[in-house]
Amino acid sequence: KAGVTQTPRYLIKTRGQQVTLSCSPISGHRSVSWYQQTPGQGLQFLFEYFSETQRNKGNFPGRFSGRQFSNSRSEMNVSTLELGDSALYLCASSSRGPGVPEQYFGPGTRLTVT
Amino acid sequence: DAKTTQPTSMDCAEGRAANLPCNHSTISGNEYVYWYRQIHSQGPQYIIHGLKNNETNEMASLIITEDRKSSTLILPHATLRDTAVYYCIVRVADYGGSQGNLIFGKGTKLSVKP
């Protein structure tokens, strides 16, 4: 089974621009979460989607948004980019079912804001 | 969610067992212990989880103390490819039917040396 895929893998943007990152979960997985990883703050939860609905949201400004499509694919958008948004953005998917679900992470998108 | 405490770093000789400790003294009865690892510049990888019984899979073993206040992840025969940051996470099983978010601490940087 193919793993979680994220596109693009690397991205360079300028301050003030916006960016859209894409995540395709493992086939059959319906839940997608996004995380931001920086050297200073570590791994931080952004938001989670299940059945096209945002279920949980981390402590990030409204410039960070996301959505999930009917095929479970997800996108996240960052508007008005700031230098501090430079980070590795990770997507994770999970199957919903009985018991305790584990999350499977993609390789991430490395965003550099100049 | 309960907090966890892990050593900042550990070394292990290749071929030997790596024992990574985690303290979670405030863990609640319905909280599971999860272990993930992150190899440099890759997404985190799920390793194993448990509630109170010891668990084993093809990657590792998880030993949870009887009072559940601490646990140990054991990699039985560490290889150079096991060099990574290992995260111990404690969380409830299921947030209202969705997977909920993972709260990553700083983890333990394990260096496997030849």
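Our structure's up above, just so we're on the same page.
Residues numbered from 1 in each chain as written. Chains lettered and ligands numbered in written order. Predicted model: local features only at pLDDT ≥ 70, side-chain atom pairs only at ≥ 80, totals over all residues. Heavy atoms only, no water.

Asker: Looking at this structure, how should I read the pairing of strand β9 (residues 108-113) of chain B?
Answerer: For a regular strand, the rule is simple: side chains alternate between the two faces of the sheet. All names here are of chain B. Relative to β9, strand β1 (residues 9-13) is paired through five bridges, and the arrangement is parallel. When the bridges of β9 are listed, Ala13 appears paired with Lys113. Alignment of strand β8 (residues 84-92) against β9, held across three bridges, turns out to be antiparallel. Note that in β9 the partner of Val85 across the bridge is Lys109. (Pairing = 2+ DSSP bridges. Helix = DSSP H or I, 4+ residues; strand = E, 2+ residues; numbered from the N terminus.)

Asker: What exactly am I supposed to notice about the pairing of strand β9 (residues 87-94) of chain A here?
Answerer: Residue and element names in this part refer to chain A. When you tally the buried positions in β9, you get eight out of eight residues, the bulk of the element. Neither face of β9 is left uncovered, since the one carrying Ala87, Tyr89, Cys91 and Ser93 and the one carrying Leu88, Leu90, Ala92 and Ser94 both have all their residues buried. Two strands pair when backbone bridges link them, and strand β4 (residues 31-38) and β9 are joined in this way by seven bridges, in the antiparallel orientation. The residue bridging Tyr35 from the neighbouring strand is Leu90, located in β9. Pairing analysis gives three bridges linking β9 to strand β11 (residues 109-113), with the strands arranged antiparallel. When the sheet's bridge partners are listed, Leu88 is paired in β11 with Arg110. As defined by bridge partners, β9 adjoins strand β10 (residues 104-105) across two bridges and the pair is classed as antiparallel. Counterpart to Ser93 in the pairing with β10 is Tyr104. (Buried < 20%, exposed > 50% of the residue type's maximum accessible area, 1.4 Å probe, protein only.)

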